[in-house]
Amino acid sequence: MNILILGIGNILFQDEGIGAHFVHYLDEKYEFESSKNSLTLVDGGTLAQRLIPLIIKYDEVLVVDCIDSLNSKAGDVFFFDYRKVPSEINWQGSAHEVEMLQTLNMIEMNDDLPRTHILGVIPKRVADDTTFDLSSEIIEATKVMEKSVIEYLSKLDVEVKKIKDISIEEIAMISFKRDIKNGPRV
């Protein structure tokens, strides 16, 4: 099985960039091994529709992005099946040019959508002030996000090995100049 972890977000707008930062964080901190599956990490930025040809190549996709939710607070983390989006979840109003939800809907309309899960986090700061700094709520949420991804990959027979101590804050300061290694990671 081919697995894609796709980070979405505009790193120039504070917490809004957590999806992109998070895949760089995973890439830097962990090594992934599986005898059955391949894993690719991609910083999708704000490319949305341009990601369609990439997404449809995979059997399993995990999208990491900012979301909004009723009765939630900054730093709350949600993990759900795209086809079973809880009614309180909303992707509208982020700094993306085209929302990821709309992109996934387009792929689904063409019946090309792989099995897709969403790892969403509620941002605290999404503003026009360009900075790579993340709020303390998002920094803390990274622990839950990390645990969720490790559990998810474990269920897909992917072993996750820590190879480096690094923080999401350190990654946020260098994400803009990092390339994730090309090709499958496993």
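This text goes with the structure placed above it.
Read on for an overview of the structure. Here the structure is a predicted model, which means the values were calculated and not measured.

Rules behind the numbers
- Residues numbered from 1 in each chain as written.
- Predicted model: local features only at pLDDT ≥ 70, side-chain atom pairs only at ≥ 80, totals over all residues.
- Heavy atoms only, no water.
- Phe/Tyr/Trp six-rings, centres within 6.5 Å; stacked < 30°, edge-to-face > 60°.
- Buried < 20%, exposed > 50% of the residue type's maximum accessible area, 1.4 Å probe, protein only.
- Pairing = 2+ DSSP bridges.
- Helix = DSSP H or I, 4+ residues; strand = E, 2+ residues; numbered from the N terminus.
- Axes fitted to C-alpha atoms, helices over the stretch in contact; angles between N-to-C directions.
- Contact = heavy atoms within 4.5 Å.
- Parallel < 35°, antiparallel > 145°, perpendicular 65-115°, else oblique.
- Left-handed = near helix turned anticlockwise from the far one by under 90°.
- Nonpolar A, V, L, I, M, F, W, Y, C, P; charged D, E, K, R; others polar.
- Salt bridge = Lys/Arg side-chain N within 4 Å of Asp/Glu carboxyl O.
- Core = buried A, V, L, I, M, F, W, Y, C linked by side-chain atoms within 4.5 Å.
- Expected span 1.5 Å × (residues − 1).
- Polar contact = N/O pair within 3.5 Å; in protein donor to acceptor, adjacent residues only side chain to side chain.

1. As for the packing of aromatic side chains
For any pair of aromatic rings, geometry is given as the distance between the ring centres together with the angle between the planes.
Thinking step 1. In total, this model carries three aromatic pairs according to the counting rule given.
Thinking step 2. Ring geometry for Tyr 30 against Phe 32: centres 6.4 Å apart, planes inclined by 45°, an arrangement best described as tilted.
Thinking step 3. Take Tyr 30: its relative accessible area is 7%, and that puts it in the buried class.

2. Describing the sheet that holds strand S8 (residues 115-121)
Thinking step 1. With mixed pairing, five strands are arranged side by side in an open sheet as S3-S1-S4-S8-S6. Every other strand in the sheet has two partners, leaving strand S3 (38-45) and strand S6 (77-81) as the edge strands with one partner each. In this sheet, adjacent strand axes meet at a mean angle of 15° when their direction is disregarded.
Thinking step 2. Packing of helix H3 (residues 100-109) onto the sheet brings it into contact with strand S1 (2-8), strand S4 (60-66) and S8, and relative to S4 it is tilted by some 155°.
Thinking step 3. Of the strands in this sheet, S1, S3, S4, S6 and S8 are in contact with helix H4 (residues 136-155), which crosses S8 at around 160°.

3. Quick word on the packing of helix H1 (residues 18-29) against H4
Thinking step 1. The contact between H1 and H4 brings their axes to 11 Å, and the two run at 60°. Comparing the axis directions of H1 and H4 gives the class oblique. In the packing of H1 onto H4, the handedness of the crossing is right-handed. Mapping the contact onto sequence places Ile 18, Phe 22, Tyr 25, Leu 26 and Lys 29 in H1 and Ile 138, Thr 142, Met 145, Glu 146 and Val 149 in H4.
Thinking step 2. Looking at the contact of H1 with H4 residue by residue, the class counts come to seven nonpolar, one polar and two charged.

4. Observations regarding the pattern of salt bridges
Thinking step 1. This structure, assessed with the given rule, holds eleven salt bridges.
Thinking step 2. Linking Glu 33 and Lys 161 is a salt bridge whose minimum nitrogen-to-oxygen distance equals 3.2 Å. Taken together, the residues Glu 33 in strand S2 (residues 30-33) and Lys 161 in strand S9 (residues 159-162) connect sequence positions 128 residues apart.
Thinking step 3. Overall, Glu 33 belongs to the partly exposed group, its relative accessible area being 33%.
Thinking step 4. On the basis of relative accessibility, which here comes to 32%, the residue Lys 161 falls in the partly exposed class.
Thinking step 5. Between Glu 60 and Arg 115 there is a salt bridge whose closest N-O contact spans 2.6 Å. Of this pair, Glu 60 sits in strand S4 while Arg 115 sits in strand S8; the two residues are 55 residues apart in sequence, bridging distant segments of the chain.
Thinking step 6. By relative accessible area, Arg 115 is classed as partly exposed at 43%.

5. Here's the deal with the nonpolar core
Thinking step 1. Among the nonpolar cores identified, the biggest contains 29 residues, and Ile 5, Ile 18, Phe 22, Leu 26, Phe 32, Val 149 and Leu 153 are the most heavily contacted of them.
Thinking step 2. Residues Leu 4, Leu 6, Val 63 and Ile 67 belong to the second largest nonpolar core, which totals 20 residues.

6. A short note on H4
Thinking step 1. In this model H4 runs 30 Å from its N-terminal to its C-terminal C-alpha over 20 residues, within 8% of the 28 Å that 1.5 Å per residue would give.
Thinking step 2. Within H4 the residues assigned to the buried category are Ile 138, Ala 141, Thr 142, Met 145, Glu 146, Ser 148, Val 149, Tyr 152 and Leu 153.
Thinking step 3. Following H4 by one or two positions, Asp 157 adopts a phi angle in the positive range, close to 60°.

7. Overview of the pairing of S3
Thinking step 1. With seven of its eight residues buried, S3 lies for the most part within the structure.
Thinking step 2. Of the pairings in the sheet, the one linking S1 to S3 comprises seven bridges and is parallel in character. Looking across to S3, one finds that Gly 7 is bridged to Asp 43.

8. Considering the side chain of Thr 40
Thinking step 1. Position of Thr 40 among the secondary structure elements: in strand S3.
Thinking step 2. Classification of Thr 40 by relative accessible area gives buried; the value is 8%.
Thinking step 3. Engagement of the side chain of Thr 40 in a polar contact is seen with the side chain of Tyr 58, the distance being 3.1 Å.

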